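Architecture and fold: a report
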Amino acid sequence: MQAHPLWPFGSATFIPQPIHRYTRETVDQVLEQYAGITTRDLAHVEYDDLIYLEEYDAWYNFTSDFAAGTFFCDYGTRTGNQVTLYSTPFENSSQNVLELEEIGDGFHILSHLWKEG
């Protein structure tokens with residue numbers, strides 16, 4: 001992994017952050033559960049921004065702490081099995097929009113985008 005061009009720690013023997021390994025199987029399971037797709041369905045993967053090792057069919061990342069993204073829903077609409085949730089508009093009328101599709105007992109994420117006002 002140290003030979004990968006995106007390896008951020010040089011030849012350090014002590015790595016100050018945990019290394020997380022995500023196999024394609026794990027990524028596919030999460031994508032299937034929450035979006036109804038697999039990595040084969042992704043139109044474009046930025047390998048320039050990710051450490052991927054083909055021999056292990058896995059991606060790697062490094063984090064020192066965890067800060068989950070948040071989405072504060074202010075209101076929403078429903079059309080059939082599609083639910084669209086909106087954040088409170090910002091001063092420039094832009095907002096976050098989360099689109100979900102109800103599937104059985106749960107939902108698939110269709111998109112989560114920043115919409116310019």
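For the structure given in this document, a descriptive report is provided here. What you are looking at is a predicted structure, and each value in this text was computed from that prediction instead of being measured. (Residues numbered from 1 in each chain as written. Predicted model: local features only at pLDDT ≥ 70, side-chain atom pairs only at ≥ 80, totals over all residues. Heavy atoms only, no water.)

Before going further, it helps to spend a moment on the overall build of the chain. Counting its regular elements, the chain contains one helix and seven strands. Listing every helix and strand of the chain by position from the N terminus yields β-α-β-β-β-β-β-β. The C-alpha atoms of the chain give 18 Å as radius of gyration, which overshoots the globular expectation for 117 residues (13 Å, by more than 25%). When the backbone C-alpha atoms are referred to their principal axes, the chain occupies close to 55 × 35 × 25 Å. (Helix = DSSP H or I, 4+ residues; strand = E, 2+ residues; numbered from the N terminus. Rg over C-alpha atoms; globule rule 2.2 N^0.38 Å.)

Within a sheet, adjacent strands bond to each other through the backbone by hydrogen bonds, running parallel or antiparallel. Reading across from one edge, 4-5-6-7 is the order of the four strands in this open sheet, with antiparallel pairing throughout. Whereas interior strands pair on both sides, the edge strands pair on one side only; in this sheet they are strand 4 (75-79) and strand 7 (106-115). Along the sheet, successive strands turn relative to each other by an average axial angle of 20°, direction set aside. Direction of pairing for strand 5 (residues 82-86) relative to strand 6 (residues 95-103): antiparallel, over a ladder of five bridges. Opposite Y86, over in strand 6, you have V97 as the bridge partner. (Pairing = 2+ DSSP bridges. Axes fitted to C-alpha atoms, helices over the stretch in contact; angles between N-to-C directions.)

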